[in-house]
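Here is how the chains run, residue by residue.
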Amino acid sequence: VRLSAAWTLRCFCYSTPLRLPKVLLNLVELLQNDLTALSTPAAPSDIHLRVLGRAYGLTGLLSIIPQRPLYVSYDISANVFYIAVQLLKRAGEHDVKIAKVEIEVAWTMIASLMTLGPNFVRAHLPQLLVLWRNALPKPTTKDGLSGRSPTEWLFLLSVRENALRAIHSFLMHNSPTLVTADVARRITSLLTNALQFASAFAGQRVEDVTDAPPQADGRGLSLVGVDALFRARVFRCFETLGVAKVAEATQSALLQSAITLFASPEGYSGSSVQAAIAASSG
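Position labels on residues start from 1 in each chain and follow its written sequence. Predicted model: local features are reported for residues with pLDDT of at least 70 only, side-chain atom pairs are reported and counted for 80 or more only, and whole-chain, interface and lining totals are derived from all residues. Heavy atoms throughout the structure, all of them, feed into the side-chain values; hydrogens and water do not.

A pairing counts as a salt bridge when a side-chain nitrogen of Lys or Arg comes within 4 Å of a carboxyl oxygen of Asp or Glu. Applying the stated criterion to the full structure yields 9 salt bridges. Ionic pairing is found between Arg54 and Asp34, a salt bridge with its closest N-O pair at 2.8 Å. Separated by 20 residues along the polypeptide, Arg54 in helix α3 (residues 47-62) and Asp34 in helix α2 (residues 20-38) bring together distant segments of the chain. Under the relative-accessibility criterion, Arg54 is labelled partly exposed at 24%. Categorising residues by exposure relies on relative accessible area from a 1.4 Å probe, with only protein chains included: less than 20% of the type maximum marks a residue as buried, more than 50% marks it as exposed, and the intermediate range marks it as partly exposed. Asp34 sits in the buried class, given a relative accessible area of 7%. The salt bridge involving Asp46 is made with Arg50; its shortest N-O contact spans 4.0 Å. Within the structure, one salt-bridge network assembled from shared partners comprises Asp34, Asp46, Arg50 and Arg54. Here a helix means four or more residues in a row that DSSP labels H or I, a strand means two or more in a row labelled E, and each is numbered from the N terminus.

Turning our eyes to something else, we now look at helix α4 (residues 74-90). The end-to-end C-alpha distance of α4 is 25 Å, a good match for the 24 Å that 17 residues give at a rise of 1.5 Å each. Ile76, Ser77, Val80, Phe81, Ile83, Ala84, Val85, Leu87 and Leu88 are the residues of α4 that are buried. To estimate the expected span of a helix, count its residues, drop one, and scale the result by 1.5 Å.

You can see Leu30 is positioned in helix α2. Taking the C-alpha atoms as reference, Leu30 lies 7.4 Å from Arg54; in sequence the two are 24 residues apart.

Two elements in contact, helix α9 (residues 181-202) and helix α10 (residues 223-241), have axes whose closest approach is 10 Å; the angle formed by their N-to-C orientations is 150°. Classified by the angle their axes make, α9 and α10 are roughly antiparallel. Both α9 and α10 take part in a crossing whose hand is left-handed. Contact with α9, carried on its side by Ala184, Ile187, Thr188, Leu191, Thr192, Ala194, Leu195, Phe197, Ala198, Phe201 and Ala202, involves Leu223, Asp227, Phe230, Arg231, Val234, Phe235, Cys237, Phe238 and Leu241 of α10 and no other residues of that element. Axes, fitted as lines to C-alpha atoms, cover a helix only where it is in contact. Angles between the N-to-C directions of the axes lie from 0 to 180 degrees. We call two directions roughly parallel when the angle between them is under 35 degrees, roughly antiparallel when it is over 145, roughly perpendicular when it lies between 65 and 115, and oblique otherwise. Helix crossings are classified by the rotation of the near helix relative to the far one: an anticlockwise turn of less than a right angle makes the crossing left-handed, while a clockwise turn makes it right-handed. A contact between two residues is defined here by any heavy atoms of the two lying within 4.5 Å.

Bringing the confidence of the model for the protein chain into the picture now. The predictor reports its confidence for every residue as pLDDT, a score running from 0 up to 100. For the protein chain, the average pLDDT comes to 82, and 79% of its residues sit at 70 or higher. Below a pLDDT of 50 lies the segment residues 210-216, which in the model reaches 6 contacts outside its immediate sequence neighbourhood of four places, other chains included.

With that out of the way, let us pick up the packing of aromatic side chains. Pairs were defined over the aromatic rings of Phe, Tyr and Trp, the Trp ring being its six-membered one, requiring ring centres within 6.5 Å. Orientation was assigned from the angle between planes: stacked under 30 degrees, edge-to-face over 60, tilted for the rest. Summed over all chains, the structure comprises 5 aromatic pairs. When the centroid spacing of 5.5 Å and the interplanar angle of 55° are considered together, the rings of Trp132 and Phe170 count as tilted. With Trp132 in helix α7 (residues 125-135) and Phe170 in helix α8 (residues 150-174), this residue pair connects regions lying 38 residues apart in the sequence. On the accessibility criterion, Phe170 (0% relative accessible area) is buried. Judged by centre distance (5.5 Å) and plane angle (50°), the rings of Trp153 and Phe197 are tilted.

Structural data, given as structure tokens:
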């Protein structure tokens, strides 16, 4: 529903570009008001859905700017980027439910801003690399142990998947101008961290969050669904980056991960029930 509404709004502003700046400003204001209400005790029960709806609508409009650049000032895009960065910084101050929504909104807006191309992204690239490094750190010892709950895994996978969405958008719309040898090396390191985290999670055989509400991850995806989307983002980012910019050791790990995922009956079981079915069927 959110995506359909965002697409309708995008088509409307694309056909009437003079209205684009006003609609953008109004939507940014509405989003900021809802984000402020998100952490208040008196917030409506559907506030998280409203925030995500505003965010998806805003990102749909931002993607029009490259086709209608004369109608929108640079300040609007810069303000959206500032809001996204502040959301990522303060997400750690809130509980998991609120933090999930803030992180998804922030990375969704950043991913959309990447479509503006090198003229906009170049000035923000150093800060982006720091944000991506914080979102995709090297796996810790705890990631290889069974010390995390399914809810914790769901949150960690969601954070990484959202960050990877922004990286993929960056690679799609800013290569080869901004994807220099140094930037490619840094992104490869981050993608390698994500690949190692995916392997660590797969080795845990974590049961799905069966008692969690449908909106637990902000999009109604289960733990298995978020894991699958996370892996897909990793593979797509490597694909867009290109084999020539990936070290041989990482290429080997990537190939092994793909083979394990697609060829092994135990590679993506998802739950003990599914694992039993896979084992009994050979």
